[in-house]
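Structural description and commentary
One letter stands for each residue in the lines below.
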Amino acid sequence: MTEVLLVLTPGPLTTVQDLGRYGYQHLGMPASGALDTFAMRAANLIVGNPEKSAVLEMTVVGPHLAVMKRADIALTGADMIVKLNSKPVAPWKSIQVGPGDLLSIQTVTSGCRGYLAVTGGIQVPEVMGSRSTYIDGGVGGLKGRPLLKGDILESGPGTLLKSPRRIPSAWIPHHDDRVTLHVLPGPQDAFFHQGLATLFTSEYIVSPTSDRMGCRLQGPTVKPNSDAPASIISEPIMPGSIQVPADGQPIILFAEQTVGGYAKIATVLSTDIPKIAQAVPGTRVRFRKVDLDEAHAAYREQEGKLAQIADMLSQQ
Amino acid sequence: MYATAKFRIAGDCGLLVEYGGSIAHEVNQKVRSMTLALKGNAPGGVREVVPSYCSILVVYDPVKTNPHALKKGLTTLEQQLPEIEIPPPRVFEIPVCYGGEYGPDIDVVARTNQLTPEQVAQTHASVEYLIHMVGFSPGFPFLGGLPEILHTPRLATPRTSVPRGSVGIANDQTGIYPVSSPGGWQLIGRTPLRLFIPEQAPPIRYRSGDRIRFKPISASAYEKLRQEEAT
């Protein structure tokens, strides 16, 4: 039997996500995928899955789930109040569950998005090489939509752990109410002489209207140069792009959009996207400029860290 | 078109390569040629190549390459373009039922340009369009070549939901909504064809650089085709 979890209550926005759908952006398909890829990959590593296995991404409040078969699970990302049969359980470590267990994932205490990995990964059909849910396109995940009450989730082939695993606390990211995001200026930084100075010296607040499409910020107006065009000829968009619409309030785009006609003042490093993905409304955001060498060094460091975590976990 | 491509940094994994600063046939031709050339000859470390009106986004793995190496590889490839065989663009015929419930804004387009709705349909279906770019939503083709007498501004307030298959006009562009989505284009007709089929490979048959021609069909032909598509 491959059925592993029955959804008793789904939470406000719980979706199946993997590392995303790549190679189809030229057809208008966004990548989608887990927004905090560090937490998502770590969750998989804890239960012994390949890093890219599909997990549940849970937003602010998690689901209540009835366990249908033996499995190892791990919770990472946002800190959420989690109870297994009414007893609190800790995140960033493996938990063995079995038929009849009741897993109740409640509200976040810090951060915004939690991840739940299960032995063998969440098994849904691959669409265009990915299991990620793209809600607007109705593609991937569970019938292209968030989880609903009564859904039954299946898991793929996997092996139960021989002994419990945990990630040491030194490796666990903390979610603060203030974050500093490292950015590379561009692609349209030349449109914003004064605007760049504003962006790098101001504090912005995460707006409640943020979603998987993007994180909206409120703060000092980012002004374009007086001779800058009102819009650009639509061009492809990278996740992390900081778009500046006419009102001058920046939007950090995630991975649900393929092209756009607004100028982008700067782009958040991919290693810092997890930080903004975990920022709840009200979080204070600052931006710091880096150069390409620093950005790539941060990327290699992050990959190295995950490789070390994988190595360490496999020895537990 | 620029004499030499402009390279712009798009984050730690993206490099935008821009071939011109305006929507022009020769710029799009260059984008298409480079996209096709990159298909089999991409420099190492390239994850994805995304063409648009004037530029190509090259998504790369920073562990394997960097913009400096990519610029070199892309410039060399551009010089080799004359020797690379680029297949001719394909033409796709899309049946459209114009006006009525399928094209609720056809009267607006007609009034704006002092035409009858019939003339709008006839003119729209009289030319072949170039797919400048596919994006906004899965399979949405941004089409260039709309006759000037059909140019009409976008809706003042976008619709929260545009039905799948709707054909619209926004200023000098026309396009098709392959999935239901919000949208602000003036809707003049609808195709019964399912243009985006996620479980099919490829999920969308046309590419940027291909061409589209519209064929007017009656409401009964629309319904018949729609039923065929559903099975």
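Residues numbered from 1 in each chain as written. Chains lettered and ligands numbered in written order. Predicted model: local features only at pLDDT ≥ 70, side-chain atom pairs only at ≥ 80, totals over all residues.

1. Some thoughts on the nonpolar core
Which entries qualify depends on this criterion: Only buried residues count toward a nonpolar core: Ala, Val, Leu, Ile, Met, Phe, Trp, Tyr and Cys, linked into one set through C-beta atoms within 7 Å. Neighbour density around each residue's C-beta defines its exposure: 20 or more other C-beta atoms within 10 Å make it buried, 12 or fewer make it exposed, and counts between make it partly exposed, where C-beta atoms are placed from the backbone. Note on contacts: each residue gets a C-beta atom placed from the backbone, and two residues are in contact if those atoms are within 7 Å.
Grouped together as the largest cluster of nonpolar side chains are 145 residues, with contacts concentrated most on Ala-43, Val-55, Tyr-115, Leu-116 and Ala-117 of chain A together with Val-58 of chain B. Discounting residues that sit within four places of it in the chain, Val-58 of chain B has contacts with Leu-15, Val-17, Val-46, Val-49 and Leu-70 of chain B.

2. Describing the interface of chain B and chain A
Note the following rule: Strands here are runs of E lasting at least two residues and helices are runs of H or I lasting at least four, both read from the DSSP assignment and numbered beginning at the N terminus.
Listed per partner, the contact involves 37 residues of chain B and 32 residues of chain A. Going through the elements one at a time, strand S1 (6-9), strand S2 (14-18), strand S3 (46-51), strand S4 (55-60) and strand S6 (128-134) of chain B are the ones with two or more residues in the side of chain B that touches chain A.

3. Quick word on the pairing of strand S2 (residues 14-17) of chain A
Residue and element names in this part refer to chain A. Our working rule: Note on pairing: DSSP must find at least two bridges between two strands before they are called paired.
Of the two faces of S2, the one carrying Thr-14 and Val-16 and the one carrying Thr-15 and Gln-17 are both buried. Here S2 runs beside strand S3 (residues 55-59); their pairing, made up of 4 bridges, is antiparallel. Residue pairing across strands places Thr-15 opposite Glu-57, the latter belonging to S3.

4. Digging into helix H1 (residues 25-41) of chain B
Residue and element names in this part refer to chain B. Going by this rule: Helices are assigned an expected span. That span is 1.5 Å times one less than the residue count.
Taking 1.5 Å per residue as the helical rise, H1 with its 17 residues ought to reach 24 Å, and the 24 Å between its terminal C-alpha atoms agrees with that figure. Those residues of H1 that sit buried are Val-27, Asn-28, Lys-30, Val-31, Arg-32, Met-34 and Ala-37. Tucked inside the fold, the buried residues of H1 contact S3, S4, helix H2 (67-80) and S6.

5. Examining the sheet that holds S4 of chain B
Residues and elements named next belong to chain B. Keep this limit in mind: Axis definition: a line fitted to C-alpha atoms, over the contacting stretch in the case of helices. Angles run 0 to 180 degrees between N-to-C directions.
An order of S1-S2-S4-S3 is seen for the 4 strands of this open sheet, with the pairing classed as antiparallel. Either end of the sheet is taken by a strand with one partner, and the two such strands are S1 and S3. This sheet shows a mean twist of 20° between the axes of neighbouring strands, independent of strand direction. Where H1 meets the sheet, it contacts S3 and S4, and its direction lies at approximately 155° from that of S3.

6. Section: unusual backbone geometry
Glycine aside, residues mostly have negative phi, and peptide bonds are mostly found in the trans state. In this chain, Gly-186 of chain A is followed by Pro-187 of chain A through a cis amide linkage whose omega measures 5°. Its location among the elements puts Pro-187 of chain A in the loop between strand S11 (178-185) and helix H2 (193-201). In this chain, Ala-201 of chain B is followed by Pro-202 of chain B through a cis amide linkage whose omega measures -5°. Residue placement: Pro-202 of chain B occurs in the loop between strand S12 (186-190) and strand S13 (211-216). Positive phi, normally seen in glycine, also occurs at Val-60 of chain A, with a value near 65°. Mapped onto the secondary structure, Val-60 of chain A falls in the loop between S3 and strand S4 (64-67). A tally of 17 C-beta atoms within 10 Å means that Val-60 of chain A is categorised as partly exposed. Positive phi values are uncommon outside glycine, yet Asn-85 of chain A reaches one of about 50°. Note on placement: Asn-85 of chain A falls in the loop between strand S5 (71-84) and strand S6 (87-88).

7. Looking at the sheet that holds strand S13 (residues 214-218) of chain A
All names here are of chain A. Taken together, the 7 strands give a closed barrel; going around it, the order is S11-S18-S15-S16-S13-S12-S19, and neighbouring strands pair in mixed fashion. Across the sheet, the mean angle separating the axes of adjacent strands is 40° when strand polarity is ignored. Where S11 and strand S19 (residues 284-289) come together, 6 bridges link them in parallel fashion. The residue of S19 that forms the bridge with Val-179 is Val-285.

8. Details of the environment of Arg-47 of chain B
With respect to the secondary-structure elements, Arg-47 of chain B resides in strand S3. Here Arg-47 of chain B falls in the partly exposed class, since 15 other C-beta atoms lie within 10 Å of it. On a C-alpha basis, the gap between Arg-47 of chain B and Leu-16 of chain B in space is 14 Å, while along the polypeptide they are 31 residues apart. Not counting the four nearest positions on each side in its chain, Arg-47 of chain B is found in contact with Tyr-22 of chain A together with Val-59, Tyr-60 and Asp-61 of chain B.

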